[in-house]
Amino acid sequence: MTTSDRTAGGVRVRNLSKQFTSPTGEPLRVLDGVDIDVRPGEFVSIVGPSGCGKTTLLRIVQGLDEADSGEVLVDGQAPGDVATGFVFQRAALFPWRTVERNVSFGLDLRVLRSTANHPATRAGRRKRVADLLALTNLTDFADYYPTQISGGMQQRVNLARALAIQPSVLLMDEPFSALDAQTREKLQRDLQRVVAETRTTTLFITHDIREAVFQADRVFVMAARPGRFVEVFDIDEPHPRTAEFQQSDRLAETAREIWGLLHAKPAALTSTS
Ligand SMILES: Nc1ncnc2c1ncn2[C@@H]1O[C@H](COP(=O)(O)OP(=O)(O)O)[C@@H](O)[C@H]1O
Ligand SMILES: [Mg+2]
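How each quantity is defined
- Residues numbered from 1 in each chain as written.
- Chains lettered and ligands numbered in written order.
- Predicted model: local features only at pLDDT ≥ 70, side-chain atom pairs only at ≥ 80, totals over all residues.
- Heavy atoms only, no water.
- Helix = DSSP H or I, 4+ residues; strand = E, 2+ residues; numbered from the N terminus.
- Polar contact = N/O pair within 3.5 Å; in protein donor to acceptor, adjacent residues only side chain to side chain.
- Contact = heavy atoms within 4.5 Å.
- Buried < 20%, exposed > 50% of the residue type's maximum accessible area, 1.4 Å probe, protein only.
- Pairing = 2+ DSSP bridges.
- Axes fitted to C-alpha atoms, helices over the stretch in contact; angles between N-to-C directions.
- Core = buried A, V, L, I, M, F, W, Y, C linked by side-chain atoms within 4.5 Å.
- Domains from an automatic or database assignment.
- Near = heavy atom within 4 Å.
- Areas by Shrake-Rupley, 256 points an atom, 1.4 Å probe, with all protein chains shown as cover.
- Nonpolar A, V, L, I, M, F, W, Y, C, P; charged D, E, K, R; others polar.

## Some points on the side chain of glutamine 192
Logical step 1: Here glutamine 192 lies in helix α6 (residues 181-198).
Logical step 2: Within the structure, the side chain of glutamine 192 is placed 2.8 Å from the side chain of histidine 239, a separation counted as a polar contact.
Logical step 3: Separated by 2.9 Å, the side chain of glutamine 192 and the backbone nitrogen of arginine 241 make a polar contact.
Logical step 4: Setting aside chain neighbours within four positions, we find glutamine 192 in contact with Phe214, Gln215, His239, Pro240 and Arg241.

Written out as structure tokens, the structure is:
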């Protein structure tokens, strides 16, 4: 890799600050001096107390919200100029489109926008969608409609749809939190397989500390008011992570350590920043 594409697919955030106005008109400092570097192909989990600004940070990286100050580069470009894939808690699939047509949605838009609706493009699109359906174990459900499949399957469709456009970065905000525990663990392993295969840079927000550790190369821990990173944990374990790792003592130990940090007194948190 040459020096010039060192940031390809990476995310760089420098000294980012964001303020909102509370309903009573008070200024609310949500993010303050946030720095993060996500390497190309890296999987980063972010955990932190409710309301600490995780979603706000993700929205800024996605280009939906603007920071008050600081620098954000996604794949070396301004957010919004780059294709990002996103998967949120609710799948928000198009109910009138089949599973296959939901996955192809972003590609269909691209073809509409370009002049190239020739057979080669159509064939390429069909192949990409077929590959993603296979990768997410949805091939047999290609012709089903969203209401005809389970919540876990809907989230797999959501993931396949997000990846169809080959995004520079995949942004996930508590994607599995509405699912039951067993489905969640299954999807965590599915996501590992998909990410290992596609090597997509991923920013993953979760309330579930074990899930954060299971997925990530690094877990970033946030503190609240104002939101900022207070600690980073390296998870030295090859991908794709396995069910064995999911149940392992070393995962549990790291998760406990992070839990302790999140439940520490505020003074303990500020001392590491
Ligand atoms: N558009 C907005 N206007 C005012 N306050 C907001 C807005 N969006 C988020 N907030 C506030 O910013 C803080 C951080 O929110 P959020 O980023 O959703 O936190 P998290 O995802 O970590 O739970 C919360 O106190 C929330 O109420
Ligand atoms: Mg949130």
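From this point, things continue past the structure.
## What to know about the environment of glutamate 174
Logical step 1: With respect to the helices, strands and loops of the structure, glutamate 174 is situated in the loop between β6 (169-173) and α6.
Logical step 2: A relative accessible area of 15% places glutamate 174 in the buried class.
Logical step 3: Along the backbone, glutamate 174 and threonine 55 are 119 residues apart, and their C-alpha atoms lie at a distance of 9.3 Å.
Logical step 4: Within polar-contact distance, the side chain of glutamate 174 engages the side chain of histidine 207 at 3.1 Å.

## Looking at the sheet that holds β6
Each strand in a sheet pairs with its neighbour through backbone hydrogen bonds, running either in the same direction (parallel) or in the opposite one (antiparallel).
Logical step 1: Pairing within the open sheet is mixed, and its 6 strands lie in the order β5-β6-β7-β3-β8-β9. Looking along the sheet, the strands with just one partner apiece sit at the ends: β5 (84-88) and β9 (228-234). Recorded for the sheet is a direction-independent mean angle of 20 degrees between the axes of neighbouring strands.
Logical step 2: Bridging between strand β8 (residues 218-223) and β9 involves 6 bridges; their strand directions are antiparallel. Counted as the bridge partner of phenylalanine 220 is valine 232 from β9.

## Section: the nonpolar core
Logical step 1: With 48 residues, the main nonpolar core has Val103, Leu159, Leu191, Val213, Val219 and Ile258 as its most contacted residues.
Logical step 2: Among the elements that take part in this core, helix α5 (residues 151-164) stands out by supplying 7 residues, more than any other.
Logical step 3: Looking at this core, you find at least three residues from each of domain 1 (3-83 + 167-270) and domain 2 (94-166).
Logical step 4: When residues no more than four places from it in sequence are discounted, the contact partners of valine 219 are Ser45, Val47, Ala212, Val213, Glu231, Val232, Phe233, Ile235 and Ile258.
Logical step 5: Judged by nonpolar contacts, the second largest core, of 26 residues, contains Leu16, Leu58, Val169 and Leu203.

## What to know about the sheet that holds strand β4 (residues 69-74)
Logical step 1: With antiparallel pairing, the 3 strands of this open sheet are ordered in space as β2-β1-β4. Each edge of the open sheet carries a strand with a single partner, namely β2 (27-38) and β4. Taking the axes of each pair of neighbouring strands and ignoring which way they run, one obtains an average angle of 25 degrees across the sheet.
Logical step 2: Pairing analysis gives 5 bridges linking strand β1 (residues 11-21) to β4, with the strands arranged antiparallel. Paired with valine 13 across the strands is valine 72, a residue of β4.
Logical step 3: Strand contacts of helix α1 (residues 54-62): β1, β2 and β4, with the helix running at about 120 degrees to β1, the strand carrying the most contacts.

## Comments concerning the site of ligand 1
Logical step 1: Lining the immediate surroundings of ligand 1 are Phe20, Thr21, Leu28, Val30, Pro49, Ser50, Gly51, Cys52, Gly53, Lys54, Thr55 and Thr56.
Logical step 2: Glycine 51 has a polar backbone atom sitting 2.7 Å from an oxygen atom of ligand 1.
Logical step 3: Within the side chain of lysine 54, an N or O atom sits 2.9 Å from an oxygen atom of ligand 1.
Logical step 4: Protein contacts shield 59% of the accessible area of ligand 1, which totals 560 Å² for the unbound molecule.
Logical step 5: Contributing elements (two or more residues each) for the shell around ligand 1: β1, β2 and α1.
Logical step 6: For the shell around ligand 1, the leading source of residues is α1, giving 3 residues.
Logical step 7: Residues of the shell around ligand 1, tallied by class, amount to 5 nonpolar, 6 polar and 1 charged.

## Focus: the side chain of arginine 97
Logical step 1: Position of arginine 97 relative to the elements: it lies in the loop between β5 and α2 (99-103).
Logical step 2: On the basis of relative accessible area, arginine 97 is assigned to the buried category, the value being 13%.
Logical step 3: In this structure the side chain of arginine 97 is engaged in a polar contact, spanning 2.7 Å, whose partner is the backbone oxygen of arginine 101.
Logical step 4: At 3.0 Å, the side chain of arginine 97 and the side chain of aspartate 108 are in polar contact.
Logical step 5: Beyond its immediate sequence surroundings of up to four residues, arginine 97 is in contact with Asn102, Ser104, Phe105, Asp108, Tyr145 and Pro146.

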